[in-house]
Every structure is written in structure tokens, then in C-alpha cells.
Amino acid sequence: MSLSRNTRRLVGQGLLSVFVAQLTAVATLMGADRLRRLLRGRKVPDLPPAEPVSHPISDGSVATTYTYGEVLFDDMLAAIEGAKHRILLETYIIKGDAVGQRFKQALIDAAYRGVDVYVIYDQFANLVVKRSFLTFPSAVNVLVYPVISSWKFLSPRHLGRDHRKILVVDDHVAYVGGYNIGSAYATEWRDTHLRIEGPAVWDLDNAFVDFWNTHPRRDTPMLDQMPSAGWRPAIRAHRNVPRQLMYPIRGMYLEAIDRAHESIDITAAYFIPDRDILSALLDARRRGVRVRIIVPKISNHVVTDWLSRGFYGRLLRAGVEIHRYGDHMVHAKTATIDGEWTTIGTANIDRLSLLGNYEINLEILDPGLARGMQEVFADDCARCEQLTLEEWMARPALARIYEAILRPLGPLL
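Quick caveat: nothing in here was measured; it's all calculated off a predicted structure.

Conventions used here
- Residues numbered from 1 in each chain as written.
- Predicted model: local features only at pLDDT ≥ 70, side-chain atom pairs only at ≥ 80, totals over all residues.
- Heavy atoms only, no water.
- Helix = DSSP H or I, 4+ residues; strand = E, 2+ residues; numbered from the N terminus.
- Expected span 1.5 Å × (residues − 1).
- Buried < 20%, exposed > 50% of the residue type's maximum accessible area, 1.4 Å probe, protein only.
- Pairing = 2+ DSSP bridges.
- Disulfide = S-S within 2.5 Å.
- Phe/Tyr/Trp six-rings, centres within 6.5 Å; stacked < 30°, edge-to-face > 60°.
- Lys NZ or Arg CZ within 6 Å of the ring centre and 35° of its normal.
- Axes fitted to C-alpha atoms, helices over the stretch in contact; angles between N-to-C directions.
- Parallel < 35°, antiparallel > 145°, perpendicular 65-115°, else oblique.
- Left-handed = near helix turned anticlockwise from the far one by under 90°.
- Contact = heavy atoms within 4.5 Å.
- Nonpolar A, V, L, I, M, F, W, Y, C, P; charged D, E, K, R; others polar.
- Core = buried A, V, L, I, M, F, W, Y, C linked by side-chain atoms within 4.5 Å.
- Domains from an automatic or database assignment.
- Polar contact = N/O pair within 3.5 Å; in protein donor to acceptor, adjacent residues only side chain to side chain.

Draft legend 1. View of helix 5 (residues 201-214). With 14 residues, helix 5 ought to run about 20 Å at 1.5 Å a step, and its terminal C-alpha atoms sit 20 Å apart, in line with that. Most of helix 5 sits out of view: 11 of its 14 residues are buried. Here helix 5 has its buried residues at Val-201, Asp-203, Leu-204, Asp-205, Asn-206, Ala-207, Phe-208, Val-209, Phe-211, Trp-212 and Asn-213.

This is the structure in C-alpha cells:
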């Protein structure tokens, strides 16, 4: 009995020591990052403008890629201003700055001219935004996804955030991708969004309508859905729905990686792969597939950066190329495989996105769009620093200690 008590005491002390070490590591990293931002003391330089590129898809849809936020926001606002019947806007973040004000006013103006306007935003992601800005007139229908969505908040069905970014106008044109709404995202963040016209709009329209109609806190009648689409789409939406314990985006990635025989190009804002995705990428390298990953050199979440680094050694030793985007935050969530398959959406390659949040990614089987995304990837690579195995192995001992301390937190993020 005495040995058992001692053992329990030692285990408890060990766990407490690990927790304190992790807490200290997180606090010092966040403090250092805050100091770095203060010392930098300057506005991030604007990215060079990039024009959208359109691709006709075999099912009759047209897909247009955006890699510059200001151009995207202008097009989205033009669509809202031209709306005649219905606007569906779902966003994770909407800042109360100049860009956010433009969107808010455009939505209000549309509602006052008789357009049915529906807005969804995530309350937790907008806690720092003034409450007065997030207050809309009654003509705009607003659904706030709350910080705590249910008294069963510890259930996997209620832990995820609404991380989606969708705009559908008149059931005719739809937008989806990584861009949140705000001034910094317009010119300073490198992200990717997609505009869809044609049959594939149904998937995004249906995703919004399903979320709205099944939310327990809405106080409006159920929304009507578009007429159903065909059964052989070249563009297909995959939706993570925590309420239903459905997480198909992870399966989509695993299946696509397993099919690869030439190339895999991934751009990930936050890259913390689980064991299966990591193994799939390493298996692809063993098959001779060229695997390249773009990540931010320094993201807006410093702890996530350090968790991501815990995978670099295995990836680099296997021959995976890691390219780190400098100067700007790369926030895109895209992948292109074999010049045939592409995904663009809202889900990062981490646990929160793949097994937690409400997310949506489009899967597109089209060589033209894939070639366009390969060109985008090549342009991004030209702005990156490629991390070599030699450079990685020469990193300081303190960095290795931080990685080891933080590694157990990976499954939580």
C-alpha cells in the first residue's frame, strides 16, 4: 500500500512538473512574440496585388481563384450590392475596421432594399470586436454561434467553433476559402479564396441553409434550399459537422494523399498533422512522390508554430520539402495533387479543424484549376525560404527543449 501511495505521489508530481513546464514554455513564447511585434513597430508591408484567375469546370461551373484580399473583398461587395433576392454570409471573424464597416453597411443597405439577408458569425472569434459593431438592425437576420453552444459543452458535438467562411448571393454565385473579413486580410495576409458560379453553388448554399435551419437558437422560419444538384459533380463540398460527429475533410485528405503518384503541394496556415496524415505523407515519399509544404515562417499563433516544428525532422529526413513563407502571414488552406486534384477551403491540417470545428472544403477534379494552383504554389515558393535538413539539425539546444516540452500539446490543437 505504501509503495502504491508513493507511486501515485511521484506520478502526480511528474504530471504537475510537466504541466508547469508547458505553461512556462507557452508564457515565454507568447511574451517573446509580443516583444518581437512591439520592437518591429511598423506596419507589415502590403503584398503585391494579384488578379483573380477563372477556370471553366466540366460540370458547367466556373471557379475563380483569389490570392489578394482587397480584390476579393471588392468582388464580394459588388455581389452583395447587386443582390436581388437573398444573401447568405457566414464568417469566422468580421473586424470592426474599415473593411468590416463596408461589409456591414452593404448588408444593411441590401436588407433595406428588400433583399433577404442572413448573417452567421462566431462569437468567440469576435470577442475583441466592439459589441456595438456586431449589432445589426432587425432587417438583417443574424445568428450568433455562441461561445458555449450547449450545457453539454464538454461533448465533442459542442466543442467546435464555426470556422467557415461562406458567401452565397441569389443562389447564383458563392465564395469560400480562408479569408476572414478585415483590413489586415485585404493587403497583408496571403490567403486563398474561391468564387463559384454554376451548379456547384448548390453545395455552399446547402451548407449555409443546413447550419441555419438546424441551429437551436435561430428565431426565423426555416430557409428554403436550392433545387438539388446532379450526382456527378466536378466540384464537391466536404463539411465537418461536429453536431453530427461528421468529419469528412480528414478522410478526403487521406484518400487524396494515398492516390498521389507524382506530386503533393500543400499550403497550410497551421500544420499539425495527426499520425495518419503524417504517415500518409511519409508513405507518399517512399513511393517517390514529390511532397512540398508551405507554412508561415512566423504565424499569428506562435505556440502553433512550435508544435508544427515538432514534425519537421521526420518530414525532412524523408525528403519532404518545407518552405517557410516570410514577412507575411500565409493563411491559405489548399492542396494540389498530381496536377488533377485540388482542395480549397477553411480547414487547417490540425486537430481543431479536422476533428473539431465546423469547416468546409471544396474538392475539385479539374486539370485546368490544378495547373493554376500549381502556378500559385510556385509563385509562393519563390517568396519562401526552403528549410534544409542540415539547417534544422543545427538548431539550438533550447529550441529542441521547447519542442519536447510542447509536443504533448499537439493532439489538443
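Back to the write-up after that little detour.
Draft legend 2. Spatial organisation of the pairing of strand 15 (residues 333-337). Extensive coverage of strand 15 is indicated by the burial of 5 of its 5 residues. What you see with strand 15 is no split at all: Lys-333, Ala-335 and Ile-337 on one side and Thr-334 and Thr-336 on the other are buried throughout. Judged from the 5 bridges that link them, strand 11 (residues 263-268) and strand 15 form a sheet pairing that is antiparallel. Across the sheet, the residue bridging to Ile-266 is Ala-335, located in strand 15. Direction of pairing for strand 15 relative to strand 16 (residues 341-345): antiparallel, over a ladder of 4 bridges.

Draft legend 3. Expanded view of the state of the cysteines. Following the criterion strictly, the structure yields 0 disulfides and no others. Free cysteine Cys-381: the closest other cysteine sulfur is in Cys-384, separated by 5.5 Å.

Draft legend 4. View of the packing of aromatic side chains. Under the counting rule described, the total for this entry stands at 11 aromatic pairs. Between the aromatic rings of Phe-73 and Tyr-179, the centroid separation amounts to 6.0 Å while the plane-to-plane angle is 75°, which identifies the pairing as edge-to-face. Linking Phe-73 in helix 2 (residues 69-81) with Tyr-179 in the loop between strand 7 (173-177) and helix 4 (183-187), this pair joins segments that are 106 residues apart in sequence. An aromatic cluster is built from Phe-73, Phe-103 and Tyr-179, whose rings are joined through pairwise contacts. For the cation-ring pair, Lys-104 lies above Phe-136, with the distance from its terminal atom to the ring centre recorded as 5.4 Å. Here the basic side chain of Arg-309 rests over the ring of Trp-306, its NZ or CZ set 4.5 Å away from the ring centre.

Draft legend 5. Fine view of the packing of helix 2 against helix 3 (residues 98-112). Here helix 2 crosses helix 3 at 15°, and the two axes come no closer than 9 Å. In this view, helix 2 runs roughly parallel relative to helix 3, as classed from their interaxial angle. For the crossing formed where helix 2 meets helix 3, the hand is left-handed. Taking contact as the criterion, the partners of Phe-73, Asp-74, Met-76, Leu-77, Ile-80 and Glu-81 in helix 2 are, on helix 3, Val-99, Arg-102, Phe-103, Ala-106, Leu-107 and Ala-110. The residue makeup of the contact of helix 2 with helix 3, split by class, is 9 nonpolar, no polar and 3 charged.

Draft legend 6. Geometry of the nonpolar core. In terms of nonpolar packing, the biggest core is built from 51 residues, with Phe-73, Ile-87, Phe-103, Leu-107, Val-117, Leu-167 and Tyr-175 touching the most fellow members. Taken domain by domain, this core gets at least three of its residues from each of domain 1 (53-232) and domain 2 (243-412). Those residues in contact with Leu-107, other than ones at most four positions away along the chain, are Ile-80, Ile-87, Leu-89, Val-117, Val-119, Phe-136 and Val-140.

Draft legend 7. Structural detail: helix 7 (residues 275-286). In a regular helix each residue adds 1.5 Å, so 12 residues correspond to 16 Å; helix 7 covers 16 Å between its end C-alpha atoms and thus fits that length. All buried positions along helix 7 are accounted for by Ile-277, Leu-278, Ala-280, Leu-281, Leu-282 and Ala-284. In this fold, the buried residues of helix 7 make contact with helix 6 (248-259), strand 11, strand 12 (290-296), helix 9 (312-317) and helix 10 (351-354). At the N-terminal boundary of helix 7, the capping side chain belongs to Asp-274, with an oxygen 3.1 Å from the backbone nitrogen of Asp-276. The positive-phi residue at the C-terminal boundary of helix 7 is Gly-288, with phi of around 95°.

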